Amino acid sequence: MAAGGLPPSLRPGLPAHARSGLGGAVSVASPCRPRVGYSRVQEMLCRLNVRWLQPRPALQLRGLGPPVAPAPTSGVKPSALPLWAVASVSAVGPSGAGGWYEALATSAPVKGAEDVLLFAHTASGLPWWGSILLTTVALRGAVTLPLAAYQNYILAKVENLQPEIKNIARHLNQDVAVRANQLGWSKRAARLTYLKTMRRLVSELYVRDNCHPFKATVLVWIQLPMWIFMSVALRNFSTGETHSEGFSVQEQLATGGVLWFPDLTALDSTWILPVSIGVINLLIVEIFALQKIGMSRFQTYITYFVRAVSVLMIPIAATVPSSIVLYWLCSSLMGLSQNLLLRSPRFRQLCRIPLTKSDSDTPYKDLFAAFYAKFISRK
């Protein structure tokens, strides 16, 4: 038996692991009364009370956790999974499909896109190919065109700041060099000081002119989700997962096409629509590349990446219903039109986009000349 009292297994009021860890430091009769010869640390532990060592009753988790799936009445062993887990597993199914895509297909933004398409079809009385075209033109004109003009507004102000930024960088480089010689800074310390100060000064310029480059990305954060929601909504229509007022939208899409694609629920076996999407997207990329002189390495990598995506879209578009491909084609055509429109000096003046050094009075003539020199007349 230990000198401090009963063995750990017989000491009342403490769990076995806690009693064994105390090593006889606590008495049975008075657990908080330090005995003679106790160290100062033991006295402090005793003053802190040992109630934290007392066994706690089991936590009552009733009402805190997710509800448990009810037991089936057919004699099957009840599942231990909560309802949300059972629902997730059921949504995936044996084939592995579903999950996140099913959640996206039934989400509120996709339902809103379906309502927009149905409203355009009902209000206009056009066949479905015309309704898709009308909806695309309306959304691109009302949403993405103003955002694209705002993007060019921000980029123009940033471009006009470049001479001032270069002047600040030149003077700051000289000041840091003088300070480094006076204080004996290393090259690394001088470089870090220059970069930190330059970053702060450039940020102050952006705040002064209210033209932080991140604001130019707002177009992507709006246009890309809208493109995804519209595509998924058309996929729901084409696969028969959406009905409206008792009629099947899929049946209407099956006869709502035109020209060589009369069935909008079927694939375009001629590949005319997919190839057209790839060509138009490549034209958009090349227009952007031609108007940029002396692109940085990062911009060059991005240009090559977007070119690869444009080519990759051709086989992808050949595997989806024609309704989705038609929407993609209309969206790309609108994107090309917007890019050309935003090069017009009159339209830029109407949108109050500041003049820049790279602006031209004859942008379309210059674009054609650059395109001809790059792709046609080169030997």
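The rules we used
Residues numbered from 1 in each chain as written. Predicted model: local features only at pLDDT ≥ 70, side-chain atom pairs only at ≥ 80, totals over all residues. Heavy atoms only, no water. pLDDT = per-residue confidence, 0-100. Helix = DSSP H or I, 4+ residues; strand = E, 2+ residues; numbered from the N terminus. Contact = heavy atoms within 4.5 Å. Core = buried A, V, L, I, M, F, W, Y, C linked by side-chain atoms within 4.5 Å. Buried < 20%, exposed > 50% of the residue type's maximum accessible area, 1.4 Å probe, protein only. Salt bridge = Lys/Arg side-chain N within 4 Å of Asp/Glu carboxyl O. Axes fitted to C-alpha atoms, helices over the stretch in contact; angles between N-to-C directions. Left-handed = near helix turned anticlockwise from the far one by under 90°. Nonpolar A, V, L, I, M, F, W, Y, C, P; charged D, E, K, R; others polar. Phe/Tyr/Trp six-rings, centres within 6.5 Å; stacked < 30°, edge-to-face > 60°.

(A) Summary view of the confidence of the model for the protein chain. Looking at the protein chain, pLDDT values average 76 and 71% of them are 70 or higher. The least confident element of the protein chain is helix α3 (residues 83-92), whose mean pLDDT is 36; the most confident is helix α12 (residues 322-341), at 93. Predicted confidence is poor over residues 1-46, with pLDDT under 50, and the contacts of this stretch with residues over four places away or in other chains come to 39 contacts. Per-residue pLDDT stays below 50 along residues 48-97; that stretch engages in 35 contacts with residues further than four places along the chain or on separate chains.

(B) Representation of the nonpolar core in the model. One finds W128, F237 and W328 to be the most contacted residues of the largest nonpolar core, which totals 36 residues. Among the elements of the structure, α5 (108-124), α6 (128-183), α8 (218-238), α9 (249-254), α10 (272-290), α11 (297-317) and α12 are those that each provide at least two residues to this core. Leave out the neighbours within four places in its chain, and W128 touches L117, L118, H121, F237, V249, Q252, L253, G256 and L264. Residues I154, A190, L205 and A216 belong to the second largest nonpolar core, which totals 16 residues.

(C) Fine view of the pattern of salt bridges. Here the structure, examined in full by the defined rule, presents 6 salt bridges. With a shortest N-O distance of 3.8 Å, E114 and K111 are connected by a salt bridge. Taken together, the residues E114 and K111, both in helix α5 and 3 residues apart, mark about one turn of the helix. When its relative accessible area of 3% is taken as the criterion, E114 is described as buried. Note on K111: relative accessible area 34%, which makes it partly exposed. The residue R348 makes a salt bridge to D359 at a minimum N-O spacing of 3.8 Å. On the criterion of sequence distance, the pair formed by R348 in helix α13 (residues 345-350) and D359 in the loop between α13 and α14 (363-375) is long-range, its members being 11 residues apart. Overall, the relative accessible area of 31% leaves D359 in the partly exposed class.

(D) Representation of the side chain of E286 in the model. The residue E286 is located in helix α10 in this model. Aside from chain neighbours lying at most four places away, what touches E286 is R307, K374 and F375.

(E) Fine view of the environment of T144. Along the chain, T144 turns up in helix α6. Separated by 82 residues in the primary sequence, T144 and M226 have C-alpha atoms spaced 9.8 Å apart. In contact with T144, not counting residues within four places along its chain, are L139, L219, Q223, M226 and Q338.

(F) Fine view of the packing of α6 against α12. Orientation of α6 relative to α12, taken along the N-to-C sense of each, is 35 degrees, at an axis distance of 9 Å. Judged by the twist between their axes, the crossing of α6 over α12 is right-handed. Within the contact between the two elements, α6 uses W129, I132, L133, T136, V137, R140, G141, T144, L145 and A148 and α12 uses S323, L326, Y327, C330, S331, M334, G335, Q338 and L341. Residues of the contact of α6 with α12, tallied by class, amount to 11 nonpolar, 7 polar and 1 charged.

(G) Geometry of the packing of aromatic side chains. Using the criterion set out here, one finds 6 aromatic pairs in the structure. Each ring, one from W100 and one from Y101, has its centre 5.8 Å from the other, and the planes form 90 degrees; the classification is edge-to-face. Classification of Y101 as partly exposed rests on a relative accessible area of 23%.

(H) Just the environment of T362, in detail. Tracing the backbone shows T362 in the loop between α13 and α14. Since its relative accessible area comes to 38%, T362 is described here as partly exposed. Remark: the alpha-carbon pair of T362 and P345, spanning 17 residues in sequence, is separated by 8.4 Å.

(I) Quick peek at unusual backbone geometry. With phi around 55 degrees, N210 is a residue other than glycine that occupies positive phi space. Along the chain, the position of N210 falls in the loop between α7 (187-209) and α8. In this model, L259 sits at a positive phi of 55 degrees, which is unusual for a non-glycine residue. Here L259 shows up in the loop between α9 and α10.

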